[in-house]
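Below, each chain spelled out in residue letters.
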Amino acid sequence: MEPIAIVGMGCRFPGASDPDAYWQLLHRGGDAISEVPQDRWDVDAYFNETPATPGKTNTRWGGFLEQVDRFDPGFFGISPREAERMDPQQRVVLEVAWESLEQAGIDPAGLSGSSTGFFIGCGNTDFTRVLSRNIGRASAYDGVGGTLSVSSCRFSYFLNLRGPSMAVETACSSSLVALHLACQSLRNRETDMCMAGGVSLMLIPDPTIAYSQSRMMAPDGRCKTFDASADGYVRGEGCGVIVLKRLSDAIAAGDPIQALVRGTAVNQDGLSNGLTAPNGPSQQAVIRQALANAGVAPHQIDYVEAHGTGTSLGDPIEMRSLQAVMKEGRDPDETCWIGSVKTNIGHLENAAGMAGVIKVVLALKQQEIPPHLHLQQLNPMIALEGTPFDIPTRSQSWPIRTGHNRLAGVSSFGFGGTNAHVIIEEAPPALVRASERNNGKAFYMGGDRPLRLLPLSTKQNGHANAPALTYQDVRALSPEEPQPEGDRPLHLLPLSAKTERALRELAERYVTFLSDRPGVSMGDVCFTAGCGRSHFEHRLAAVAATPSQLREQLEAFARGNGDSSGTKSDAIYDTTARKAKKVAFLFTGQGSQYANMGRELYETQPVFRQALDRCHGILSEYLDEPLLSVLYGEGSSSLLDETAYTQPALFAIEYALAQLWLSWGIKPSIVMGHSVGEYVAACLAGVFDLEDGLKLIAARGRLMQALPSGGAMAALMASEAEVTAAIEAVAGGDEVAIAALNGPKSTTISGTESGVEAVASHLEEKGVKAKRLTVSHAFHSSLMEPMLAEFERVAREVKYAEPKLDLMSNLTGTLATAEIATPDYWCRHIRQPVRFADGMEALHQKKYRVFLEVGPKPTLLGMGSYCIPDSDDSKRGPLAWLPSLRPGKSDWQQVLESLGALYARGVAVDWAGIDRESVRHRLHLPT
C-alpha cells in the first residue's frame, strides 16, 4: 500500500507558536503548564482543592495558548461583526491551516477548485455556551459561528476546496481519526491532497468543573504518565494541522517530504467495564491492525507516542497492551521507547493525537527522542526491567537499525471507546530533500548524497502521464553525481501581504530568519517565497546576491525607510498590485547595439541561451560571420557597426529576451517595435515565425549594407509640421525625408548629407536643437529605394499570418491590421517614417501604464516618457518604464530589478519558470 507523505505542518501548542518552537520545547524537556490566565476565567472564584466540590475545579492549571482572542478577519475575507460571533477554534484552524500550507511551500490560492480534503478533530463547545449565555445578543452569525462542522468547512470555503470537508468528534482520538479518514480519502483517490488536524480551546471553566467532579483532574496540574503518583491529567489546548499527499504525488510535485504515514487503524471498545474505561484487548487490536495496514512488523517500531493521560488505571493497561504487541519478534537489544507529550503540554483532548503526530515527525527529522517528564517512580503495575521497553527521561539519540528506516507509532484512545493508532516512518533518505519538478523530472537527496534524476510519472495538477512512481522505486534509488545548482549571481525575493503593516512585519520575520541562517541558499529562499506563497496587494521585491545583502534591504524596509521607488531600502515596494495588469513590450531599434550585450544571461540563463543558439543556427545560412562571434567574439565591436550584422544581431537578442520574459510568465498585452524592433514584435505576435523573421531581417541588413555609403541622419527637437516646413524650404523632397517621429517635439530626418545638413542648420537658426547621428546609411529615406526590389523578392517567400496579439504599427501609429501580413507592408516599412510617437499616444489612450523595453538599451523608454504625460494616478499608480538590459550594469541586476518592479505592480509572475532549469528545494520560511 502506497504510503501517505506528510509535506507540511502547522501548530499552536502551549509554549509553542509553530513547529520549530514546538521542537525546542520538546528538546529541552520544557513544561508549558501554567495557572489559568486571567483573560480566561477567574481561577480563584472556581477553585477548591477538595475534589468533587460542586461548581468548583480542584486544579488551577492548564496548558494554554498565549492568546486566542486576537484575529485578523480581513485576511480571510470575514467581516469584524461575523468574527465576533465566531468560535475562536474556527479562527485558529484558519490560521494554522494556512501556515501548514505555507510551511509545505504550497501556494494556498493555487488550490482553488482542487479536490483537496479537510478533516479536523474537534468537539469542544465552550463558545456555544458563551453565545447562549446572552440570548438577547443572538445574531444571524451565531449558527455557523458556534457549529463544530464549520471548523473544517470554513477553510474549504475560503480556498474553494472541493474535496470532502468534515469535523470529526470521537473525544480524545478525534484528530487521529481525522488523519485516518484523510489517508483513506487519498488512497481511495477521491482527493489529491488532504489536510488533517485537531483543535481544542478552553474558554470557560465548565468542562474543567465537570471533569473535576469525575476526579479526572490532577490537582498539581501535571500529567504524571506512567508514574506511581499519577492521579489524573491536566487539560491543554491548541491546534495542529498537517498536509498530506500520496507519496508519488508528493515526489512529482517536489514537495518537502517530512515523514510518511505508513498505516492507520480505528476501532471501538464496544461493551466493556464502563463507557469511559480503557479496554486493553481493543487497544491491542487497533495497534495490530495499524501495523498490518502499514506492512510493518511490531519489532520494527522504535518508539511509541502513547495516549498516556496519567491515570493510575489507564497507564498500566496501555503499557501492557503496547508490550503485548510490540514484543513480538523483538530482540532484547531492540529497545522500544515509550513516551507522552501530555507531560509537556497537557491533554489537548480532541487535538491530542495530532500533537503526538507532530512530535513524532519532528523527532524523526531530528533523529532524537525527546524526554518524557514527571517520571519519578514507575507505577508499580508497570514492569520494564528485563524487557526491551523503556521510557526516555532524558533526550535520546534515535539510531537507525539495520534493515529498515526509523518507525514510530502514535496512539490516541477516546474516552467513549473509539481508539486510533498511526504508524509513521521517517522520510526515506532518498526523499529527505526533493527539488521542484524540472521538465518532468525531480532531484532527490539521500542524506548528504544526491541521488539520480528519475522520470516522474503521475497525475499532477491535472496532467496525466505514465504510471506512478512506486514506493519500491523510491527505496531503490541509487546514488549518482549531483546536478549542480544554477549559477546566476543574483536572486529576487518576492514578499507580499494584505496591508503595509503586515508586510513590514513579514520583512522583520525574514530578517530574523536570515540572521539565524547566514549560509542559507538564496536560490532556495527566493524559489520558496515565489512558488510557495500566495501573492497579495502590498508587495515588496528585493534583488540580492547574499543573505546579508537581502537582510540589509529588508531591515531598511521594515524600519520604514523604503518607499515605492526603492531609493532608500533598494527594495521595490508598491501598494498598487491590483491596478496594473497590462504590460506593453517595446522592441528597440538600430543604434542600441554594443559588444557583449546580454552575455551574462547567455552564460547563465538556459532559456535565453537556447533562444540565442536557435537564432545562431538559423542565421548561419545568411551571415558570413556566425551570430555568436558577432555578439561575443573578439571583433564584436567592429562587426556590430556593420548593418548586415547589426540588424539580425538585435533581432536575435530581443527575441531571446522576449523568450526569457515569457518563460517567467511576463506576457505582453500589446507589442510595439521601433523600425528593426518591429520585426521582433511581429514575430512575437505571430505575423511570421522565427525562421522567416530572421530570413527577412538578414536580407534587410545585407541589402542595406550593400547600398553605396553616404547619407546622413539628424535628430531635431521640433514637431513634424515644423520639420516638414523646413524640408520644403531648403531641401528637395527626394533629398531629405522624415525617418522617425519619436515624440511631439522629437523628429529624425534622413537623406543626403547636404540635404540633412541644410535642414538641421535652418532649424538651428530658429533655436531648434539638432543632433547629427552617426550612421552607416540614411535609413527610411529615398536612398533605400535601390534595395526594395530585391527585398520584395525575399519578402514574397515568407509565410504571413494576421497578428494573434495586439501589435502597434510603425507605419500608422495605430493597431496593425491584416495589411501587416503582406510583403508590401514590409517594403514600405523600409522607406516610410516610424510613427513611434503616435503609437505611444495610442498606448496611452488604451490605458497602458507599464512599459517593458525588450532590447539591449533603454532607448525607447526615454523617448516614450516624452510622449506620454506621467500623472501620479492614485488608482493606477505612476507610469512604469522598465528596461531589460542597460550597458554598464549587470544583466541579472537589471532584468531582476525590472521583474521585481513588474511583480510590485501586480503583474503575475511564473516563479517556477524562473528556476525551471535549476535544482531548488522548498524551505520552511516565515509564514
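Located above this text is the structure these notes cover.
We now turn to the structure provided with this report. Here the structure is a predicted model, which is why all the values come from computation and not from measurement.

1. Describing the overall build of the protein
Right, so step 1: What the protein contains, in helices and strands, is 33 helices and 32 strands.
Right, so step 2: Taking the principal axes of its C-alpha atoms as reference, the protein extends roughly 115 × 65 × 45 Å.
Right, so step 3: Put simply, the protein has 927 residues, and 60% of those count as buried.
Right, so step 4: In the protein, once contacts between residues fewer than 6 apart in sequence are set aside, the share between residues at least 24 apart is 78%.

2. Overview of the packing of helix α4 (residues 88-103) against helix α7 (residues 150-159)
Right, so step 1: With their axes 9 Å apart at the nearest point, α4 and α7 run at an angle of 50° to one another. Taken together, the axis directions place α4 and α7 in an arrangement best described as oblique. Of the two possible hands of crossing, α4 and α7 adopt the one that is right-handed. Contacts between α4 and α7 pair Gln90, Val93, Leu94, Ala97, Trp98 and Leu101 from the former with Val150, Ser151, Arg154, Phe155, Phe158 and Leu159 from the latter.

3. With respect to the pattern of salt bridges
Right, so step 1: All told, the structure shown has 45 salt bridges when counted by the stated rule.
Right, so step 2: Residue Asp220 pairs with Lys224 through a salt bridge whose shortest N-O separation is 2.7 Å.
Right, so step 3: The exposure class assigned to Lys224 is buried, which follows from its relative accessible area of 7%.
Right, so step 4: Via salt bridges that share partners, Lys695, Glu790, Arg793 and Glu797 belong to a single interconnected network.

4. Digging into the nonpolar core
Right, so step 1: Residues Leu612, Trp661, Trp664, Ile666, Phe688 and Phe791 are the most contacted members of the largest nonpolar core, which totals 97 residues.
Right, so step 2: At twelve residues, helix α23 (residues 643-663) tops the list of elements feeding residues into this core.
Right, so step 3: Ignoring any residue separated from it by four or fewer positions in sequence, one finds Phe688 in contact with Tyr679, Ala682, Cys683, Gly693, Leu696, Val798, Lys799, Tyr800 and Trp826.
Right, so step 4: One finds Leu26, Ala351, Leu362 and Ile424 within the second-largest nonpolar core, a separate group that totals 49 residues.

5. Quick look at the pairing of strand β8 (residues 259-268)
Right, so step 1: The buried count for β8 comes to seven of ten residues, which makes it a mostly enclosed element.
Right, so step 2: When strand β1 (residues 4-12) meets β8, the two strands line up antiparallel, connected through three bridges. Bridge pairing in β8 links Ile6 to Ala259.
Right, so step 3: Direction of pairing for β8 relative to strand β15 (residues 418-426): antiparallel, over a ladder of nine bridges. Looking at β15, one finds that Thr264 is bridged to Val422.

6. Some details on the packing of helix α24 (residues 676-685) against helix α29 (residues 823-831)
Right, so step 1: Viewed as axis vectors pointing N to C, α24 and α29 meet at an angle of 155°, and their least axial separation amounts to 10 Å. By the angle between their directions, the pair α24 and α29 is classed as roughly antiparallel. Of the residues in α29, those touching α24 at Glu678, Tyr679 and Ala682 are Tyr825, Trp826 and His829.
Right, so step 2: The residue inventory of the contact of α24 with α29, partitioned by class, reads four nonpolar, one polar and one charged.

7. Focus: the side chain of Ser636
Right, so step 1: As for its placement among the helices and strands, Ser636 is situated in helix α22 (residues 636-639).
Right, so step 2: Beyond its immediate sequence surroundings of up to four residues, Ser636 is in contact with Ala595, Asn596, Ser629, Val630 and Leu631.

8. Some remarks on the sheet that holds strand β12 (residues 389-390)
Right, so step 1: Taken in spatial order, the eleven strands line up as β5-β4-β6-β7-β1-β8-β15-β14-β9-β10-β12 in an open sheet, and their pairing is mixed. Of all strands in the sheet, those bounded by a partner on one side alone are β5 (165-168) and β12.
Right, so step 2: Strand contacts of helix α11 (residues 280-294): β8, β14 (407-413) and β15, with the helix running at about 145° to β8, the strand carrying the most contacts.

9. What to know about the packing of aromatic side chains
Right, so step 1: One pass over the structure, following the stated rule, counts 23 aromatic pairs.
Right, so step 2: Between Trp98 and Phe158, the ring centres sit 6.1 Å apart and the planes meet at 45°, which makes this aromatic pair tilted. Remark: Phe158 occurs in helix α7 and Trp98 occurs in helix α4; sequence separation between them is 60 residues.
Right, so step 3: Judged by relative accessible area, which is 24%, Phe158 ranks as partly exposed.

10. Focus on the sheet that holds strand β32 (residues 880-883)
Right, so step 1: Taken in spatial order, the five strands make up an open sheet running β30-β25-β24-β31-β32, and their pairing is parallel. The strands lining the two open edges of the sheet, one partner per strand, are β30 (806-808) and β32. On average, adjacent strands in this sheet sit at an angle of 25° to one another, irrespective of strand direction.
Right, so step 2: Where strand β24 (residues 584-587) lies against strand β31 (residues 850-854), four bridges are found, and the strand directions are parallel. By the bridge assignment, Phe587 is partnered in β31 with Val854.
Right, so step 3: In this fold α23 packs onto β24 and β31, with an angle of close to 135° to the strand it touches most, β31.

11. Points about unusual backbone geometry
Excluding glycine, residues mostly carry a negative phi; peptide bonds, for their part, are mostly trans.
Right, so step 1: Positive phi outside glycine occurs at Ala52, with the angle close to 65°.
Right, so step 2: Secondary-structure assignment places Ala52 in the loop between α2 (43-46) and β3 (61-62).
Right, so step 3: Since its relative accessible area comes to 26%, Ala52 is described here as partly exposed.
Right, so step 4: Positive phi values are uncommon outside glycine, yet Phe226 reaches one of about 70°.
Right, so step 5: Tracing the backbone shows Phe226 in the loop between α9 (206-213) and β7 (238-246).

Rules behind the numbers
Residues numbered from 1 in each chain as written. Predicted model: local features only at pLDDT ≥ 70, side-chain atom pairs only at ≥ 80, totals over all residues. Heavy atoms only, no water. Helix = DSSP H or I, 4+ residues; strand = E, 2+ residues; numbered from the N terminus. Buried < 20%, exposed > 50% of the residue type's maximum accessible area, 1.4 Å probe, protein only. Contact = heavy atoms within 4.5 Å. Axes fitted to C-alpha atoms, helices over the stretch in contact; angles between N-to-C directions. Parallel < 35°, antiparallel > 145°, perpendicular 65-115°, else oblique. Left-handed = near helix turned anticlockwise from the far one by under 90°. Salt bridge = Lys/Arg side-chain N within 4 Å of Asp/Glu carboxyl O. Core = buried A, V, L, I, M, F, W, Y, C linked by side-chain atoms within 4.5 Å. Pairing = 2+ DSSP bridges. Nonpolar A, V, L, I, M, F, W, Y, C, P; charged D, E, K, R; others polar. Phe/Tyr/Trp six-rings, centres within 6.5 Å; stacked < 30°, edge-to-face > 60°.

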